[in-house]
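# Descriptive structure summary
What follows is each chain in one-letter form.
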Amino acid sequence: MEPKEQINTMIKLETGIPGFDFISHGGLPMGRTTLVAGTSGSAKTVFATQYLAEGIIQFDDSVVFVTFEESPKDIRRNMIGFGWDIQKWEDEGKWTFVDVSPEPGMEVLESGSYDLGALLARIEHAINKVNAKRLSMDSIGAIFSQITDSSIVRSELFRIVYALKELGVTAILTAERTQEYGDIARYGVEEFVTDNVIVVRNVLEQEKRRRTIEILKFRGTMHQKGEYPFTIIPGEGIIIIPLSAIELKQKSSTLRISSGNAEMDKMCGGGFFRDSIILISGATGNGKTLMVTEFINGGAKNKERCLLFAFEEGREQLLRNASGWGVDYEKLEEENRLKIVAVYPEVAGLEDHLITMKKEIDKFKPTRVAIDSLSALERISSIRGFREFVIGLTSFIKHKEVVGLFTATTPTLLGGTSVTEAHISTITDSIILLRYVEMFGEMHRGITVLKMRGSMHDKDIREYTIDGTGMHIGKPFRNISGILSGNPMISTASEVDRIKDLF
Amino acid sequence: MGKHTLKLYVTGQTPRSQRAIANIREICEKETDGEYELIVIDVLENPQLAEDEKIIATPTLVKFLPPPLRRIIGDLSNQEKVLLGLDLFPNKKNR
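### Concerning helix α14 (residues 383-399) of chain A
Residues and elements named next belong to chain A. With 17 residues, α14 should reach 24 Å at 1.5 Å per residue; the first-to-last C-alpha distance of 24 Å fits that figure. Buried within α14 are the following residues: Gly 385, Phe 386, Glu 388, Phe 389, Val 390, Gly 392, Leu 393, Thr 394, Ser 395, Phe 396, Ile 397 and Lys 398. Positive phi appears at Glu 401, one or two residues downstream of α14, with a value of about 55°.

### Considerations on the interface of chain B and chain A
Taken together, the 31 residues of chain B in the interface contact 27 residues of chain A. Buried area between chain B and chain A, both sides added, is near 2400 Å², and the carbon and sulfur share of it is 55%. Interface area lost by chain B to chain A is led by Lys54(B), Ile56(B) and Ile73(B), which between them contribute 31%. At the surface where chain B touches chain A, the tally comes to four salt bridges. We note a salt bridge from Asp115(A) to Arg16(B), for which the minimum N-O separation is 2.9 Å. Our count for the chain B to chain A interface comes out at 22 residue pairs in polar contact (both at pLDDT 80 or more). Going through the elements one at a time, α1 (15-31), α2 (47-52), β4 (70-73) and α3 (79-85) of chain B are the ones with two or more residues in the side of chain B that touches chain A. The residue makeup of the side of chain B that touches chain A, split by class, is 15 nonpolar, seven polar and nine charged. Pairing geometry for strand β6 (residues 107-110) of chain A and β4(B), over four bridges, is parallel. Along β4(B), the bridge assignment pairs Glu110(A) with Ile73(B).

### Observations concerning the domain arrangement of chain A
All names here are of chain A. Structurally, chain A comprises domain 1 (4-245) and domain 2 (256-502). On a C-alpha basis, the centroid separation for the pair domain 1 and domain 2 is 46 Å. With 13 residues of domain 1 in contact, the opposing surface of domain 2 contributes 14 residues. In total, about 1100 Å² of surface goes out of reach between domain 1 and domain 2, with carbon and sulfur atoms giving 55% of it. In this assembly, domain 1 and domain 2 are joined by one salt bridge.

### Description of the pattern of salt bridges
Residue and element names in this part refer to chain A. Across all of its chains, the model carries 29 salt bridges over all chains by this definition. Its salt-bridge partner being Arg 315, residue Glu 333 comes within 2.8 Å of it at the nearest N-O pair. With Glu 333 in helix α12 (residues 329-334) and Arg 315 in helix α11 (residues 315-324), the pair connects residues that are 18 residues apart, well separated along the chain. Arg 315 sits in the partly exposed class, given a relative accessible area of 32%.

### Structural notes on the packing of helix α13 (residues 350-364) of chain A against α14(A)
All names here are of chain A. Across the interface, α13 lies against α14 with an axial gap of 10 Å and an inter-helix angle of 10°. Between α13 and α14, the angle falls in the class roughly parallel. Contacts between α13 and α14 involve Leu 350, His 353, Leu 354, Met 357, Lys 358, Ile 361 and Asp 362 on the former and, on the latter, Gly 385, Phe 386, Phe 389, Gly 392, Leu 393, Phe 396 and Ile 397. Classifying every residue of the contact of α13 with α14 gives nine nonpolar, three polar and two charged.

### Quick look at the pairing of strand β22 (residues 462-467) of chain A
Residues and elements named next belong to chain A. The sheet contact formed by strand β21 (residues 442-452) and β22 spans three bridges and is antiparallel. Note that in β22 the partner of Gly 446 across the bridge is Glu 463. Direction of pairing for β22 relative to strand β23 (residues 470-476): antiparallel, over a ladder of five bridges. Bridging from a neighbouring strand, Arg 462 pairs with Pro 476 of β23. Between β22 and the antiparallel strand that follows it, β23, lie two residues.

### Brief notes about unusual backbone geometry
Geometrically, the link from Asp138(A) to Ser139(A) is a cis peptide bond, its omega value of -25° lying close to zero. As for its placement among the helices and strands, Ser139(A) is situated in the loop between β7 (134-138) and α7 (143-146). Backbone torsion omega between Thr58(B) and Pro59(B) reads -5°, so that peptide bond is classified as cis. Its location among the elements puts Pro59(B) in the loop between α2 and β3 (60-65).

### Focus on the sheet that holds β6(A)
Taken together, the five strands give an open sheet; going across it, the order is β6(A)-β4(B)-β3(B)-β1(B)-β2(B), and neighbouring strands pair in mixed fashion. Two strands in the sheet have a free side with no partner beyond their single neighbour: β6 of chain A together with β2 (36-42) of chain B. Going across the sheet, the axis of each strand differs from the next one's by a mean of 20°, ignoring polarity. Relative to β4(B), β3(B) is paired through four bridges, and the arrangement is antiparallel. Paired with Thr60(B) across the two strands is Ile73(B), which belongs to β4(B). Sheet strands touched by α1(B): β1 (4-10), β2 and β3 of chain B. Its angle to β2(B), the strand with the most contacts, is close to 175°.

### Topic: the environment of Glu35(B)
Residue and element names in this part refer to chain B. Residue placement: Glu 35 occurs in the loop between α1 and β2. Residue classification places Glu 35 among the partly exposed residues on the basis of a relative accessible area of 47%. Apart from the residues lying within four places of it in its own chain, the contact partners of Glu 35 are Lys 3 and His 4.

### Describing the nonpolar core
Residue and element names in this part refer to chain A. Counting 40 residues, the largest nonpolar core has Leu 119, Leu 135 and Ile 143 as its most contacted members. Sorting the residues of this core by element identifies β3 (33-38), β4 (63-67), α6 (117-130), β7, α7, α8 (150-167), β8 (170-176) and β9 (196-205) as the ones contributing at least two each. Excluding its chain neighbours within four sequence positions, the residues that come into contact with Leu 135 are Tyr 51, Leu 52, Val 64, Val 66, Ile 123, Ile 127, Leu 164, Val 169, Thr 170, Ala 171 and Ile 172. Listed in part, the 36 residues of the second largest apolar core include Val 292, Leu 332, Leu 338 and Val 449.

### Considering the packing of aromatic side chains
Residues and elements named next belong to chain A. In total, this model carries eight aromatic pairs over all chains according to the counting rule given. Considering the side-chain rings of Phe 20 and Phe 47, the 5.5 Å spacing of their centres and the 75° angle between planes classify their relative orientation as edge-to-face. Linking Phe 20 in helix α2 (residues 20-23) with Phe 47 in helix α3 (residues 44-59), this pair joins segments that are 27 residues apart in sequence. Of the two residues examined, Phe 20 and Phe 47, each falls in the buried class. Ring centres 6.3 Å apart and planes at 55° place the aromatic pair Phe 272 and Phe 295 in the tilted group. Placement of the pair is Phe 272 in strand β14 (residues 272-273) and Phe 295 in helix α10 (residues 288-301), with a sequence separation of 23 residues.

Scoring rules and cut-offs
- Residues numbered from 1 in each chain as written.
- Chains lettered and ligands numbered in written order.
- Predicted model: local features only at pLDDT ≥ 70, side-chain atom pairs only at ≥ 80, totals over all residues.
- Heavy atoms only, no water.
- Helix = DSSP H or I, 4+ residues; strand = E, 2+ residues; numbered from the N terminus.
- Expected span 1.5 Å × (residues − 1).
- Buried < 20%, exposed > 50% of the residue type's maximum accessible area, 1.4 Å probe, protein only.
- Contact = heavy atoms within 4.5 Å.
- Buried area = accessible area lost by both parts, 1.4 Å probe.
- Salt bridge = Lys/Arg side-chain N within 4 Å of Asp/Glu carboxyl O.
- Polar contact = N/O pair within 3.5 Å; in protein donor to acceptor, adjacent residues only side chain to side chain.
- Nonpolar A, V, L, I, M, F, W, Y, C, P; charged D, E, K, R; others polar.
- Pairing = 2+ DSSP bridges.
- Domains from an automatic or database assignment.
- Axes fitted to C-alpha atoms, helices over the stretch in contact; angles between N-to-C directions.
- Parallel < 35°, antiparallel > 145°, perpendicular 65-115°, else oblique.
- Core = buried A, V, L, I, M, F, W, Y, C linked by side-chain atoms within 4.5 Å.
- Phe/Tyr/Trp six-rings, centres within 6.5 Å; stacked < 30°, edge-to-face > 60°.

Here is the structure:
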């Protein structure tokens with residue numbers, strides 16, 4: 001029988017790869033070899049290199065890189081763009097290569113039986129030389145082209161994995177896959193490294209590439225399940241976005257802040273909550289950007305810091321719009337009350353946007369964040385990717401205890417909902433609807449607070465007007481129904497009185 | 001034909017290592033008229049030498065001279081392959 005202590009003590013080694021330690025509940029199983037399988041171009045080599053690089057940077061570990069495919073020269077050159085100066089680490093004795101890459105033009109004949117004892121001796125030598133804690137082998141498939149007898153390779157790799165365990169080294173072994181959803185790896189590699197398997201994917205989904213990582217199994221230890229999107233950023237490497245792993249543990253504040261519009265505050269029962277997410281939905285030209293402007297102005301007046309992400313209009317246009325309503329964005333920026341980040345959604349993938357936005361928020365430390373509009377981001381992603389983005393962003397904002405104001409454009413002029421609303425409505429705390437109302441051949445505008453979590457709010461649909469000084473909310477529509485569905489029906493005054501008398 | 005310069009990389013004193021050493025000595029004695037230099041390297045004792053020469057499998061025989069540089073992996077029990085790899089032709093007097 002195995003000693004009892006071995007059963008319950010699966011310790012993990014923190015990798016330092018952003019997000020990975022979260023989805024893996026602490027890192028890689030210590031002293032074990034983990035298989036990282038993926039198709040060509042799925043970032044296996046980056047993962048294997050980053051695991052070592054973060055070990056040196058964050059934990060001062062010594063590392064060994066066994067390369068089967070690319071030459072050390074190529075790896076040094078390819079990885080410098082992530083800010084990993086391998087040559088420097090080699091000079092410092094922190095990084096050692098074991099070069100098993102094929103030599104062009106080298107003739108090899110086979111005569112009789114052999115094993116890979118020399119490879120094992122070299123790996124052990126490299127580990128002992130620098131007292132390495134981490135090791136990566138990338139990528140195992142290439143050795144099958146050098147050694148023709150694959151059964152020897154398999155049994156020898158088993159021996160190497162066993163030896164690494166004896167040496168207490170935590171290792172990564174990468175292997176190729178031929179398809180995104182199918183066999184774990186080529187050559188049956190997973191048969192000898194069965195305990196821990198990670199799959200990295202680079203899937204084409206609705207004409208967009210989407211990278212994900214999945215921990216298939218970690219024997220005897222907990223981890224998050226399913227695929228997690230990740231992105232690769234120059235100068236940083238892989239960043240995993242642990243979306244569904246987010247816990248709903250943020251605090252709730254009862255502190256109210258002004259929306260920047262006194263009448264709006266009144267409708268919301270005294271203003272927005274300090275750490276809430278507010279969605280403003282409306283058709284184009286309905287005053288969403290105006291509400292954002294008032295929201296920012298209100299914050300600035302209160303000596304708060306506001307961050308505005310604009311995905312529909314350029315900087316100059318935003319400045320002009322705001323000055324039309326008497327708000328001087330440029331001055332606010334000078335006073336460090338405001339930061340405008342205006343980019344087109346198409347410049348980056350959604351994962352990259354999320355990471356840049358998080359960074360901006362961390363850097364500027366705003367108390368108010370506005371996004372105008374969230375629905376502009378819909379068009380650069382699949383629905384699934386968009387949903388993950390929205391969840392990731394809102395939970396991040398809530399954790400920072402920042403109030404977030406998002407706008408969403410409805411696809412039709414009268415009523416209707418957008419994809420944004422469908423995915424975000426349950427995670428927002430408040431929803432404000434802006435609607436066009438057609439009455440006797442005239443366009444009127446209606447506003448209503450559809451939902452306000454944790455507070456009483458005005459249930460009326462009120463008429464509002466927009467002029468050079470901003471938004472003015474007026475009286476409720478009384479003799480009209482069907483505004484939200486986009487089919488306003490006008491009732492006569494006597495009908496209204498009759499209904500009133502009924503109750 | 002010039003002198004053969006050979007290195008044989010083995011792992012420890014295993015039967016396979018000894019077999020490889022015996023096989024190459026026999027072939028060289030017979031086919032080069034003793035005109036050869038053989039260095040046996042135990043990679044367990046000198047792993048850096050294996051690293052420098054990028055040796056993966058053991059035993060590996062490397063022919064440095066005459067050119068071209070060539071490798072033969074295995075215990076060298078297939079004589080024909082070894083002769084081919086070393087560019088040697090069976091000595092006529094032994095026929």
